[in-house]
Amino acid sequence: MRTALTNLVTRRRTLVLVLIAALAVSTAAWAYWAANSSGSATGKVGALPAPTLSSAAGGAESAALSWSSVTAPGSGAVKYYVSRDGSTPGGSCPSSSGPAAVTSCTDSGVSPGSHEYTVTAVWHSWSATSSVRSASVSSKPTVASTSPSSRGQGASGQTITVTGSHFLSGAAATFSGTGVTVNSTTFKSSTELTLGVSLTGSATTGARSVTVTNPDGGTGTGTNVFTVNAAPSVESSTPSSRGQGAVGQTVTLKGKNFVNGATASFGTGVTVNSTTFKSSTELSADITVEGTAATGPRAVSVTNPDAGVGTLASAFTVNAAPTVTSISPGSRPQGASSQTVTIKGTGFVSGASSSFGSGVTVSSTTFKSSTELSAKISVESSATTGLRTVTVTNPDAGVGSLANAFTVNAAPNVESVSPSSRAQGASGQTITVKGTGFASGASASFSGSSITVESTTVISSTELTAKISISSFASTGARTVTVTNSDGGTDSLSGAFTVDAPPNVTSVSPSSGDRGGSESVAIKGSGFVSGASSSFGSGVTVNSTTFKSSTELIASITIESGASLGSRTVTETNPDGGSDEGTFTVNAAPTVTSTSPSSRAQGASSQTVAIKGTNFESGTGLAASFSGTGITVNSTSFVSSTEVSANVTILSNASVGTRNVTVTNPDTTSATGAGIFTVSAAPAVTSASPSSRGQGASKQTVAIKGSGFVTGASASFGAGITVESTSFVSSTELSSKISIESAASTGARTVTVTNSDGGVGSLASAFTVNAGPKILTPSSSKKAEITHSTTTEFKVTGSGFVSGATVSISGGFTGISTTFVNSG
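Below, the structure is looked at part by part. (Residues numbered from 1 in each chain as written. Predicted model: local features only at pLDDT ≥ 70, side-chain atom pairs only at ≥ 80, totals over all residues. Heavy atoms only, no water.)

1. Comments concerning the nonpolar core
The condition is simple: Definition used in this section: a nonpolar core is a set of buried Ala, Val, Leu, Ile, Met, Phe, Trp, Tyr and Cys residues joined via side-chain atoms within 4.5 Å. For the exposure calls, accessible area comes from a 1.4 Å probe over protein chains only, and a residue counts as buried if that area is under 20% of its type's maximum, exposed if over 50%, partly exposed in between. Only DSSP runs of H or I reaching four residues or more are called helices, and only runs of E reaching two or more are called strands; each is numbered from the N terminus.
Judged by nonpolar contacts, the single largest core of 21 residues is most densely connected at Leu65, Trp67, Val78, Tyr80, Val82 and Tyr117. Those elements that place two or more of their residues in this core are strand E4 (62-66), strand E5 (79-84), strand E7 (113-123) and strand E9 (133-137). At four residues, the largest contribution of residues to this core is made by E7.

2. Structural notes on the environment of serine 139
Short version of the rule: In what follows, residue pairs with any heavy atoms lying within 4.5 Å of each other are defined as contacts.
Structurally, serine 139 can be placed in the loop between E9 and strand E10 (142-147). Residue class for serine 139 comes out buried when judged on its relative accessible area of 18%. Among all residues touching serine 139, those that are not within four sequence positions of it are Ala60, Glu61, Pro112, His166 and Asn214.

3. What to know about the pattern of salt bridges
For clarity, the threshold we go by: For this document, the term salt bridge refers to a Lys or Arg side-chain nitrogen within 4 Å of an Asp or Glu carboxyl oxygen.
Applying the stated criterion across every chain, the model contains two salt bridges. For aspartate 107, the salt bridge goes to arginine 84, with nearest N and O atoms at 2.7 Å. Taken as a pair, aspartate 107 in strand E6 (residues 104-108) and arginine 84 in strand E5 lie far apart in primary sequence, 23 residues in all. A relative accessible area of 17% places arginine 84 in the buried class. The partner of lysine 699 in a salt bridge is glutamate 724, and the shortest N-O contact between them spans 3.3 Å. With lysine 699 in the loop between strand E59 (692-694) and strand E60 (700-707) and glutamate 724 in strand E62 (residues 721-730), this pair connects stretches of sequence that are 25 residues apart.

4. So, the side chain of asparagine 214
Looking at the element boundaries, asparagine 214 is found in the loop between strand E16 (206-213) and strand E17 (219-229). Excluding residues within four positions of it along the chain, asparagine 214 makes contact with Ser139, Pro141, His166, Phe167, Leu168 and Ala171.

5. Side note on the pairing of strand E46 (residues 540-549)
Filter applied, for reference: Paired strands, as defined in this entry, are two strands with at least two bridges between them according to DSSP.
In the sheet, E46 pairs with strand E47 (residues 552-559) via eight bridges, with the strands oriented antiparallel. Pairing of threonine 546 across the sheet is with isoleucine 554, part of E47. Counted between consecutive antiparallel strands, the loop separating E46 from E47 contains two residues.

6. Quick notes on the sheet that holds strand E23 (residues 282-289)
Counted only if it meets this: Comment: axis = line fitted to C-alpha atoms, over the contacting stretch for helices; angle = value between 0 and 180 degrees taken between N-to-C directions.
Pairing within the open sheet is antiparallel, and its four strands lie in the order E18-E20-E23-E22. Two strands in the sheet have a free side with no partner beyond their single neighbour: strand E18 (233-238) and strand E22 (270-279). Strand-to-strand twist across the sheet, computed as the mean angle between neighbouring axes with direction ignored, equals 30°. Two strands pair when backbone bridges link them, and strand E20 (residues 249-256) and E23 are joined in this way by six bridges, in the antiparallel orientation. Each residue of the ladder has a partner; that of valine 251, found in E23, is alanine 285.

7. Side note on the packing of aromatic side chains
Which entries qualify depends on this criterion: Any two of the Phe, Tyr and Trp rings considered here, Trp counted by its six-membered ring, make a pair once their centres fall within 6.5 Å; the pair's planes then place it as stacked at under 30 degrees, edge-to-face at over 60, or tilted in between.
Taken as a whole, this structure holds eight aromatic pairs when the rule is applied. Measuring from ring centre to ring centre gives 5.1 Å for phenylalanine 175 and phenylalanine 226, while their planes differ by 75°; the resulting arrangement is edge-to-face. Linking phenylalanine 175 in strand E13 (residues 172-175) with phenylalanine 226 in strand E17, this pair joins segments that are 51 residues apart in sequence. Accessibility assignment for this pair places phenylalanine 175 and phenylalanine 226 in one class, buried.

8. A word on the state of the cysteines
Selection criterion: The disulfide criterion used throughout: a pair of cysteine sulfur atoms within 2.5 Å.
Tallied over the entire structure, the rule returns one disulfide. The partner cysteine of cysteine 93 in its disulfide is cysteine 105, sulfur to sulfur 2.1 Å. Across the disulfide from cysteine 93 to cysteine 105, rotation about the S-S bond amounts to roughly 85°, and the bridge is consequently right-handed. On the criterion of sequence distance, the pair formed by cysteine 93 in the loop between E5 and E6 and cysteine 105 in strand E6 is long-range, its members being twelve residues apart. Here cysteine 93 falls in the buried class, since its relative accessible area comes to 8%. Its relative accessible area of 5% is what places cysteine 105 among the buried residues.

9. Re the sheet that holds strand E15 (residues 192-199)
With antiparallel pairing, the four strands of this open sheet are ordered in space as E10-E12-E15-E14. The open sheet has two free edges, formed respectively by E10 and strand E14 (180-189), since each of these has just one partner strand. Between one strand axis and the next, the sheet turns through 30° on average, direction left out of account. For E14 and E15, the ladder comprises eight bridges, and the chain directions are antiparallel. In the sheet register, valine 182 faces E15, and the bridge partner there is valine 197.

Structure (structure tokens):
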């Protein structure tokens, strides 16, 4: 038993030592152990994580804190406490003397400024503290004053400035009591807010307090800094009605609580020109009633300078104005006197008067009925001619008018015609005739035949317009223009208008263009004038028409991609309306379909490539191009509308593979054939065998080795060596039959192979021309004589002999053997 207890104590001590050792290696480690009543012990080792202070939001003399919860590695709740600047916080935040199992709190009673907060987790006897987090604490606002400091009952949309201190953006304001609504609060600065305020008509009068609440919850109140004043009241208006159209009418308003500066309102359609303060019980309003003002009773409102409003319903009535519908007769000439004119309409009342404008005197107006008046008028001889408005005014100042109801006529006088000429064939031309005394219904005419006046429009007593069309067969020359008024007055101006000859179009160049292209088109002919315009029909935009001379115009055009194909009319129109036509054809855009040859090799120079397609055009600007680099287009030539010829050089380092070919017409339209031309690899020469031959050697076969050889390839060995034929053996071998001139320069030669696609490959010093042998004896002066049918041996001397050399003798010698002695 003693031994068992000793062992238990030993185990417990060991456990404690292990826990102490664990704590020694980690400052965040924790350990605890407990013995139960039977003497056994348990223990845990680990680390208590520190909480994270996730937010510390400063407010008005307070701060709101929140932190993450910590999971304990053992049983038992984790609690927390908060420290502010290392001291105990206030409000709902737990302190070190009373930690709590919460993860948020509000610290209150905090002095304004920046403060540092930490949160400490506590579990059993262990704790872990968060990192420090700062919070900026603000002051509570104060309200000192309002401006204006009062408004009247019923005032709406009022702007009130609140001054104080410690205001924050987003602050809101309220007024004590009821009847005052704050529609908006605008932050101006820490000492100023602007309020949008409306007061109800029943708002209690007297002083009000204003409270400002910052977004952080801080509030401040200004006691009795605003006053609600009593609104004015309206009791009567005199006169109590006026007619539509009444101008400058004085209306007296009676009531109470009026103050100097008060204004009156009579509703839509009644303009108050001025409001005059008479006393606290009387105002005088000068009003104008619009002709379209709604008829019937309406409320009259008075608004004091403090925006207080008082209203009396149905205090004033707008009566219907008279209406003028017709005048008979509708015109009288200058100088007419004592003329009786009947005025028809509605709403006329006894005592109504009429007017016809300046220069027309109304001697009397007699009431016949509510729909008829009779006016006696005289028209002054100097009265302005033309249309007049007739106005009827009822005794209630209601006004009714009919514009252009009456005309003062005068004999017309034609002074000028503009434009003063138009061409044969011009149609729908507007001609302006200036003068005096033109009356509604006047007509214009042109002397001679073949000019049709389609319509005449009177613009004013001094101007009318005539729309005319001139026959293409009309006689050219001067014409007389005549104006006739509807009352029969007439006047003419001799030679005021001229019929001109039209232009003549003889050619259009170029006479066609492609869809999507731009062209500068020369239009030749005669009779063109500066300001002439051109038209090519739908789908062709004329950007400009430039006058070059009376025989030439230049039209800059753009042809839309969807323009209709085929021939169309080109119309040239002079400013005088004269026109003539030519033709122009819209072609389809070009296409590129193939090239021939369809490939050329690296290094090929001055190669002619035929580009096939459609709608190619001749002219400056025609160009071909090949995609990628390494291909130079030396020149582009127009062959036909279906073929363009391009002379190209392909660099030796050009990338092999397919290329796109593009043709651009002079009108800037272009087309591309994708992958229709190929750059092939150039041949390469690696050896020649035999690699040498002597001067004078003929019909020698030389094997040329390399790569990229094609059927039809040719070889060259330089000056003095004739290549009689080159045979294709394979892509790696050619066989050339050569003959070397006896005078060919000796030494190393470059062997060049040119494929049929223009590709070139060379190998420098691939072949050598050796010096040929020379015979000194026997010579023509020292002949060796040989007897017929005998065998003879003789010596040949000279230079350049080599082992294997042979001697031949013409003339029937056989069985000749040659022995090499030395080079001589």
